[in-house]
Amino acid sequence: MVEIRYTGDVLWDRIEQAVEKVRDRLNRFCAAMEQASIPYAVVGGNAVQVWVAQVDEGAIRNTRDVDILIDRDSLDEAIFAAKEHGFHYHVVNGVSLFLDGEDNKPSEAVHLVFAGELVKPHETTPTPTLDEVEFVKSTRTVSLESLVLMKLTSHRLKDRVHIQDMIQVGLIDETWTDHFEEPLKSRLQELLDDPYG
């Protein structure tokens, strides 16, 4: 049984701090890439937030992940630039990531995804290239179609939930199935058929 340790303002402060930590980590890492003129794009849950917020701010789902798309050729430059901002490069279980300080947890790191590559060997669809980037004010993120492709390819529970969020706010509809080949087309149709799971 879970012990209730936090209530009232202390509880809400902890929730708010968790969100702020992710935002701060994202902003500092992106600033490091910008200052070093390294091409990148925000992907994952933060990219979903960017697109969902265009339609319905009340539908935004918080995430603890910071996922960044870069070219593998830029990795050495990124390691050097990120270190100047307190990020330390590691490979953990085959995943390239930057710990936010030496003692932070991998689950609270900046995770790298390499552009134009398969994330996992069994996948059939590579990640988008950095030619498919949208600028939303100061945020570089992948295009909506590229983001949906990545989510359909990964197809984990949280990816399916993110697709459902985008369907529910009207970012994706039945016409989108024509954007993708199998098996992504069928995966999207299943979610369109049952958008609330």
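These numbers were taken from a predicted model, which means no experiment stands behind them.

**What about the packing of aromatic side chains?**
At step 1: Applying the stated criterion to the full structure yields 3 aromatic pairs.
At step 2: Here Phe 29 and Phe 87 contribute two aromatic rings whose centre-to-centre distance is 5.4 Å and whose plane-to-plane angle is 85°, an arrangement assigned as edge-to-face. Of the two residues, Phe 29 is situated in helix H1 (residues 8-35) and Phe 87 in strand S3 (residues 87-92); the sequence distance between them amounts to 58 residues. Per residue, the accessibility class of Phe 29 equals that of Phe 87, and both read buried.

**Side note on the pattern of salt bridges**
For side chains of opposite charge, pairing can occur when their charged atoms come near one another.
At step 1: Taken as a whole and assessed by the stated rule, the structure comprises 12 salt bridges.
At step 2: One salt bridge in this structure joins Arg 25 and Asp 100, with 3.2 Å as the shortest N-O distance. Here Asp 100 lies in strand S4 (residues 95-100) and Arg 25 lies in helix H1, a separation of 75 residues in the sequence. Asp 100 shares its class with Arg 25; the two are buried.
At step 3: Residue Glu 34 is joined to Arg 140 by a salt bridge in which the shortest nitrogen-to-oxygen separation is 3.0 Å.

**A few points about the environment of Gln 35**
At step 1: In this structure, Gln 35 sits in helix H1.
At step 2: In this structure the side chain of Gln 35 is engaged in a polar contact, spanning 3.4 Å, whose partner is the side chain of His 85.

**Some points on a nonpolar patch on the surface**
At step 1: Together, Leu 11, Trp 12 and Ile 15 line one region of the surface with nonpolar side chains, adding up to about 300 Å² of accessible area.
At step 2: Position of Ile 15 relative to the elements: it lies in helix H1.
At step 3: Classification of Ile 15 by relative accessible area gives partly exposed; the value is 38%.

**Some thoughts on the confidence of the model for the protein chain**
At step 1: The predicted model of the protein chain averages 94 in pLDDT, with 100% of residues at 70 or higher.
At step 2: Confidence scores differ between elements of the protein chain, with strand S6 (residues 133-136) showing the lowest mean pLDDT of 88 and helix H3 (residues 75-83) the highest of 98.

**Overview of the side chain of Ser 74**
At step 1: Locating Ser 74 in the fold gives a position in the loop between strand S2 (66-70) and H3.
At step 2: Contacts of Ser 74, omitting those with residues within four sequence positions, involve Ile 38 and Pro 39.

**A few points about the nonpolar core**
At step 1: Counting 50 residues, the largest nonpolar core has Phe 29, Met 33, Ile 68, Val 148, Ile 163, Met 166 and Ile 172 as its most contacted members.
At step 2: Filtering out sequence-adjacent residues up to four positions away, Ile 163 remains in contact with Val 148, Lys 151, Leu 152, Ile 172, Leu 188 and Leu 191.

**Here's the deal with the packing of helix H2 (residues 44-52) against helix H4 (residues 144-154)**
At step 1: Contact geometry of H2 with H4 gives a least axis separation of 11 Å together with a crossing angle of 140°. Between H2 and H4, the angle falls in the class oblique. At the point where H2 passes H4, the crossing takes the left-handed sense. Between H2 and H4, the contacting residues are Gly 44, Gly 45, Ala 47, Val 48 and Trp 51 on the first element and Leu 144, Leu 147 and Lys 151 on the second.
At step 2: A breakdown of the residues in the contact of H2 with H4 according to their chemical character gives 5 nonpolar, 2 polar and 1 charged.

Rules and cut-offs
Residues numbered from 1 in each chain as written. Predicted model: local features only at pLDDT ≥ 70, side-chain atom pairs only at ≥ 80, totals over all residues. Heavy atoms only, no water. Phe/Tyr/Trp six-rings, centres within 6.5 Å; stacked < 30°, edge-to-face > 60°. Helix = DSSP H or I, 4+ residues; strand = E, 2+ residues; numbered from the N terminus. Buried < 20%, exposed > 50% of the residue type's maximum accessible area, 1.4 Å probe, protein only. Salt bridge = Lys/Arg side-chain N within 4 Å of Asp/Glu carboxyl O. Polar contact = N/O pair within 3.5 Å; in protein donor to acceptor, adjacent residues only side chain to side chain. Patch = residues over 30% accessible without salt bridge, like charges linked within 9 Å, V, L, I, M, F, W, Y side chains within 5 Å. Areas by Shrake-Rupley, 256 points an atom, 1.4 Å probe, with all protein chains shown as cover. pLDDT = per-residue confidence, 0-100. Contact = heavy atoms within 4.5 Å. Core = buried A, V, L, I, M, F, W, Y, C linked by side-chain atoms within 4.5 Å. Axes fitted to C-alpha atoms, helices over the stretch in contact; angles between N-to-C directions. Parallel < 35°, antiparallel > 145°, perpendicular 65-115°, else oblique. Left-handed = near helix turned anticlockwise from the far one by under 90°. Nonpolar A, V, L, I, M, F, W, Y, C, P; charged D, E, K, R; others polar.

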